[in-house]
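Close look at the chain arrangement
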Amino acid sequence: MNFLRGVMGGPSAGAQPSGAETIQKLCDRVASSTLLDDRRDAVRALKSLSKKYRLEVGFQAMDHLINVLQTDRSDSEIIGYALDTLFNIVSNDIEEEEQEENSQKQADDLGRQFTEIFIKQQENVTLLLTFLEEFDFQVRWPGVKLLTSLLKQQGPQVQQIILVSPMGVSRLMDLLADSREVIRNDGVLLLQQLTKSNAAIQKIVAFENAFERLLDIVTDEGNSDGGIVVEDCLLLLQNLLKNNNSNQNFFKEGSYIQRMKPWFEVGDDNSGWSAQKVTNLHLMLQLVRVLVSPTNPPGATSSCQKTMFHCGLLQQLCMILMATGVPADILTETINTVSEVIRGCQMNQDYFASVNAPSNPPRSAIVVLLMSMVNERQPFVLRCAVLYCFQCFLYKNQKGQGEIVSTLLPSTIDATGNSVSAGQLLCGGLFSTDSLSNWCAAVALAHALQDNATLKEQLLRVQLATSIGNPPVSLLQQCTNILSQGSKVQTRVGLLMLLCTWLSDCPIAVTHFLHNSANIPFLTGQIAENLGEEEQLVQGLCALLLGICIYYNDNSLENCRKEKLKQLIEKRIGKENFIEKLGFISKHELYSRAAQKPQPSFSSPDHMMFDHEFTKLVKELEGIITKAIYKSSEEDKQEEEVKKTLEQHDNIVTHYKKVIREQDQHLEELKQKVNTLKSQNEQLQTAVTQQMSQIQQHKDQYNLLKVQLGKDNQHHSAHSDMLQMNGMQPEEISKLRQEIEELKKKHEVLQGQLREKDSVIENMKSLQSETGTTEQSSQITAGLEHGNELHRELEALRIQIQSQSSDISKLQSEKQELLQQMNRASVPALGDSGAVIAAKNSELEGRLLQEIKELKTEAKVLSEEKALLQQHLDSVNSTVAVLQNEKSQLQQEVAESKKEQDDLLVLLADQDQKILALKNKLKELGEPVEDEDDIESGDQGDEDEEEDGEEED
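Residues numbered from 1 in each chain as written. Predicted model: local features only at pLDDT ≥ 70, side-chain atom pairs only at ≥ 80, totals over all residues. Heavy atoms only, no water.

Helix and strand content of the chain: 41 helices and 4 strands. Residue burial in the chain is summarised as follows: out of 953 residues, 45% are buried. Of the contacts formed within the chain by residues at least 6 apart in sequence, a portion of 74% connects residues at least 24 apart. Surface summary for the chain: the accessible area is close to 49000 Å², and the carbon and sulfur share equals 50%. (Helix = DSSP H or I, 4+ residues; strand = E, 2+ residues; numbered from the N terminus. Buried < 20%, exposed > 50% of the residue type's maximum accessible area, 1.4 Å probe, protein only. Contact = heavy atoms within 4.5 Å. Areas by Shrake-Rupley, 256 points an atom, 1.4 Å probe, with all protein chains shown as cover.)

Next comes the structure, spelled out in structure tokens:
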């Protein structure tokens, strides 16, 4: 205890030991003590000394502390002290009063060295990961802090060890689910360090449900109104998503973009935002930009852009854009975010064009933003953001380009002057006294003409009123006038970029430019002079513009033909000197910066020289112009001939493409019709199948009733049988007669239909014999198709006849049974049993009549369906001309149809024989069946006999 008092500063006798000696004694005690309490006290003492004597504790005690972690795992207190001590050794966080440059550098070096010693044995990191599974706060929290410090010092090495450790990342992900906020928040910081610049770990963390947990934390903390925990979560989300296409796709497919919308819900009162809220919202906007960055694959970016529109995120961002009281840096970042959400996405660009600012009268958001861009009192960063937004709105948006250029044309300018258009703002900025406004307006107008030859030609119509009393001049002429007046370098660079974009790939604009005789001497004079370094950039752009005038010259002006312009260059400038001046552009440092990314980002207005899209144009034209300068006149002629040939070829190809496109559309329409007819046919077949099944059910019920009647008749005497049958005989026979007559009528109708089909087939045969013209060929094909349909209808008729013949045979068998029962009957009998049988027979008669009615109804429905099929046949005949290649096939099918018709005739003959046999049987029974008059007279005789019998009774 005396020793501990000395260490802890208590009173002791004698000289005080030095720090190194004390640490050495404590290390010996940790290594040699057998009691856990002694080792715990020694480690506690080392922890208290580790900040002041970091170097000594690190070199002397690290091995002992690691040994404690390995051997004393059962005691959480000593493990916590050991982990805290190691954290103090490895961490570079020193006391505030010692934060000097040299001391901080020494601390960094010490932390890096001790980290290397600790991770040299990979088992140490694996052991540390096992402590993170402990729920005890005294162990888990120091473990999290120690691992975070190790990752800060030696990130890649520690990441690799964790990556190969079994379930290493999964153990760390459990920290986000800890109910203690301190551990959860430090766990977020740990994962920030773990996921830095390591795509493999980023994917594992993402698939361990990190997005869900982090978004839940952000929501629980209050979204943008939350504290620094929200900031840490957003930084971790950026680590997981930035430059990681797999995680971005997983984030989109998991519907996590939709959960970002509440982040940007701001109220009407936007004054007094806290610094933390500004930081949080700034990071949230950056996270949106990560998902739609132009550097991402185009397909992934487009998918995220569409999702942001459908979930309302873009609409929410536009509300922030038009809101009042939003801090300037948030407004700037929101403009940049909206820019990349709409870039290249037609749907989002159309929505942005429809957004209006809450002003009176309402103005388009584009107009409001352009007003800020050409206003020199606005912050430079904000003006750059507005320019980027305008560029993104016009990127691959010909519709938007046309709307902007249309505001400059004479027919669309508002004569009343009540509203300011985008074109007027661009012209105002183009000819302003502020060079930055000149440059921004020139670049914006160049983007309105990008890759759109039609608008380049239309812009030549724009006329400007320079001053009162002077005639108006064209916009092209005004640009060249300002260029020749020797304005600021930034203004001239912007105008030259606009002219190069305007004249490229537009021979008509080149002709208008060359029509002004002062333009070519001005360009050659600028290129030929030996000016300072600042003017070299203007010389290079003048050379590029002159090269465009040569390459895209259609030789319509005799004095400015290609050959004459090249001779002028050779005499006044020299070809080598011209090519050297042209190369100044791509060698310039500002050109290289602008070529890196689409967003204009400049440290100061003076560095604002090149546009990203213009650098692409320079890269494309530089080699072409160089070749054009060195080409001879004969090569130019050959090239023109080749161009003409290619144009003719392209026109032919375009024509055929158009024809093929029309044929494809027609074919698609026919396919849709065929599919519709197929579906209708399937529906009709299903209906027929259902009706057939219903008929079969009725037949089964009829057979069942007949069997039941036979059983009832067996239980009664022959006398009651005779009595009942005598009462039923006339009615039953009359019903049988009626049904037979109806069947005869149906039979005659079917024969008439068959004769109609025969006449149609004869017509088809006559059409087949005729040949020659295209119209006859189409008629034959239509007839063949009609024959095919007739074949199908004949099949349906044959099925109908078969079903009717089966019904007739059943009726005949039923009548035979009734006659046999009459023959067996002898003496009438009276009693209750006769009444019962009479009731059952009457019930049976009612069922039979009902079934016969249903069969008649179904026959009527079938005839109606036949009429519908005939209508469908007429509609299909219009599409027969496309299917002429099936003519031979259809002829074979007609032959088969004829064979089947012969079979049908045979069946009809059999049917006639059966009906004749029925008549003969009825005659044998003494029933007249020759004509209707005989039948009616027979019925009257039967009635008279019944009346006589009743009078006798």
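Now that the structure has been shown, we can carry on.
What follows covers the side chain of Asp 75. Assignment of secondary structure puts Asp 75 in the loop between α4 (54-71) and α5 (76-90). Accessibility expressed as a relative area gives 14% for Asp 75, which makes it buried. A polar contact of 2.9 Å, which involves the side chain of Asp 75, links it to the backbone nitrogen of Ile 78. If we ignore the near neighbours within four places in the chain, the residues touching Asp 75 are Leu 36 and Arg 40. (Polar contact = N/O pair within 3.5 Å; in protein donor to acceptor, adjacent residues only side chain to side chain.)

A few words now on unusual backbone geometry. Within the chain, Asn 243 stands out as a residue other than glycine whose phi angle is a positive 60°. Tracing the sequence through the fold places Asn 243 in the loop between α14 (228-241) and α15 (245-253). Even without being glycine, Asp 451 reaches a positive phi, approximately 55°. Tracing the backbone shows Asp 451 in the loop between α25 (435-449) and α26 (453-458).

Here the focus is the packing of aromatic side chains. Under the counting rule described, the total for this entry stands at 14 aromatic pairs. Centre to centre, the rings of Phe 309 and Tyr 351 are 5.8 Å apart; their planes meet at 65°, and the pair counts as edge-to-face. Of this pair, Phe 309 sits in helix α17 (residues 298-310) while Tyr 351 sits in helix α20 (residues 346-354), and the two are 42 residues apart along the sequence. Residue Phe 309 is classed as buried on the basis of its relative accessible area of 19%. Looking at Tyr 351, the relative accessible area reads 23%, which means it is partly exposed. (Phe/Tyr/Trp six-rings, centres within 6.5 Å; stacked < 30°, edge-to-face > 60°.)

Here we take up the nonpolar core. In terms of nonpolar packing, the biggest core is built from 208 residues, with Leu 147 and Phe 610 touching the most fellow members. Not counting residues up to four positions away in its chain, the partners in contact with Phe 610 are Trp 439, Met 497, Leu 537, Leu 541, Ile 585, His 588, Leu 590, Tyr 591, Ala 594, Phe 602 and Thr 615. (Core = buried A, V, L, I, M, F, W, Y, C linked by side-chain atoms within 4.5 Å.)

On to the pattern of salt bridges, then. A complete count under the given rule lists 22 salt bridges for this structure. The partner of Lys 47 in a salt bridge is Asp 84, and the shortest N-O contact between them spans 3.4 Å. With a gap of 37 residues between them, Lys 47 in helix α3 (residues 36-49) and Asp 84 in helix α5 connect regions that are remote in the sequence. A residue is classified by how much of its surface remains accessible, and Asp 84, at 14% relative accessible area, is buried. Notably, a salt bridge pairs Glu 613 with Lys 616, separated by 3.6 Å at the nearest N-O pair. Separated by 3 residues within a single helix, Glu 613 and Lys 616 lie in helix α35 (residues 612-630), roughly one turn from each other. (Salt bridge = Lys/Arg side-chain N within 4 Å of Asp/Glu carboxyl O.)

The subject of this paragraph is the environment of Lys 488. Assignment of secondary structure puts Lys 488 in the loop between α27 (475-484) and α28 (489-503). Each C-alpha atom of the pair Lys 488 and Asn 438 lies 9.9 Å from the other, and the pair is 50 residues apart in sequence.

The next subject is a nonpolar patch on the surface. Among the surface-exposed residues, Leu 55, Phe 59 and Ile 117 lie close enough to one another that they form a single nonpolar patch of about 280 Å² accessible area. Mapped onto the fold, Ile 117 is located in helix α6 (residues 101-119). (Patch = residues over 30% accessible without salt bridge, like charges linked within 9 Å, V, L, I, M, F, W, Y side chains within 5 Å.)

Tracing the backbone shows Leu 382 in helix α22 (residues 380-394). When the C-alpha atoms of Leu 382 and Ser 372 are compared, they prove to be 8.0 Å apart, with 10 residues separating the residues in sequence. Once residues within four sequence positions are removed from consideration, Leu 382 is found in contact with Leu 331, Thr 332 and Ile 335.

Time to look at the confidence of the model for the chain. Summing up the model confidence of the chain, the mean pLDDT is 81 and the portion of residues at 70 or higher is 76%. Predicted confidence is poor over residues 1-14, with pLDDT under 50, and the contacts of this stretch with residues over four places away or in other chains come to 13 contacts. Of the regions scoring below 50 in pLDDT, residues 716-729 engages in 28 contacts with residues more than four places distant in sequence or in other chains. (pLDDT = per-residue confidence, 0-100.)

Attention now moves to α14. If you check α14, its first and last C-alpha atoms are 20 Å apart, about what 14 residues at 1.5 Å a residue would give, namely 20 Å. Of all 14 residues in α14, 11 are buried; the element is thus mostly enclosed. Within the sequence span of α14, burial applies to Val 229, Val 230, Glu 231, Asp 232, Cys 233, Leu 234, Leu 236, Leu 237, Gln 238, Leu 240 and Leu 241. Considering only its buried residues, α14 is in contact with α11 (181-194), α12 (199-207), α13 (210-220), α15 and α16 (275-291). One or two steps after α14, the chain reaches Asn 243, where phi turns positive at roughly 60°. (Expected span 1.5 Å × (residues − 1).)

With that settled, the discussion passes to helix α32 (residues 562-572). The set of residues buried in α32 consists of Lys 562, Leu 565, Lys 566 and Ile 569. Looking straight down α32, one finds its buried side chains confined to an arc of 100°; they lie on one side. At the exit of α32 stands Gly 574, carrying a positive phi of roughly 100°. (Arc of directions from axis to C-beta.)

The geometry of α17 relative to α20 is characterised by a closest axis approach of 9 Å and an angle of 40° between their N-to-C directions. Of the possible angle classes, the one that applies to α17 and α20 is oblique. Together, Gln 305, Lys 306, Phe 309 and His 310 of α17 and Met 347, Asn 348 and Tyr 351 of α20 make up the contact between the two elements. Grouping the constituent residues of the contact of α17 with α20 by class yields 3 nonpolar, 3 polar and 1 charged. (Axes fitted to C-alpha atoms, helices over the stretch in contact; angles between N-to-C directions. Parallel < 35°, antiparallel > 145°, perpendicular 65-115°, else oblique. Nonpolar A, V, L, I, M, F, W, Y, C, P; charged D, E, K, R; others polar.)

Assignment of secondary structure puts Asp 232 in helix α14. It turns out Asp 232 is buried and unbridged, and the closest side chain with the opposite charge, Arg 184, is 9.0 Å from it. Among all residues touching Asp 232, those that are not within four sequence positions of it are Val 188, Leu 189 and Gln 192. (Lys, Arg positive; Asp, Glu negative; His and termini not counted.)

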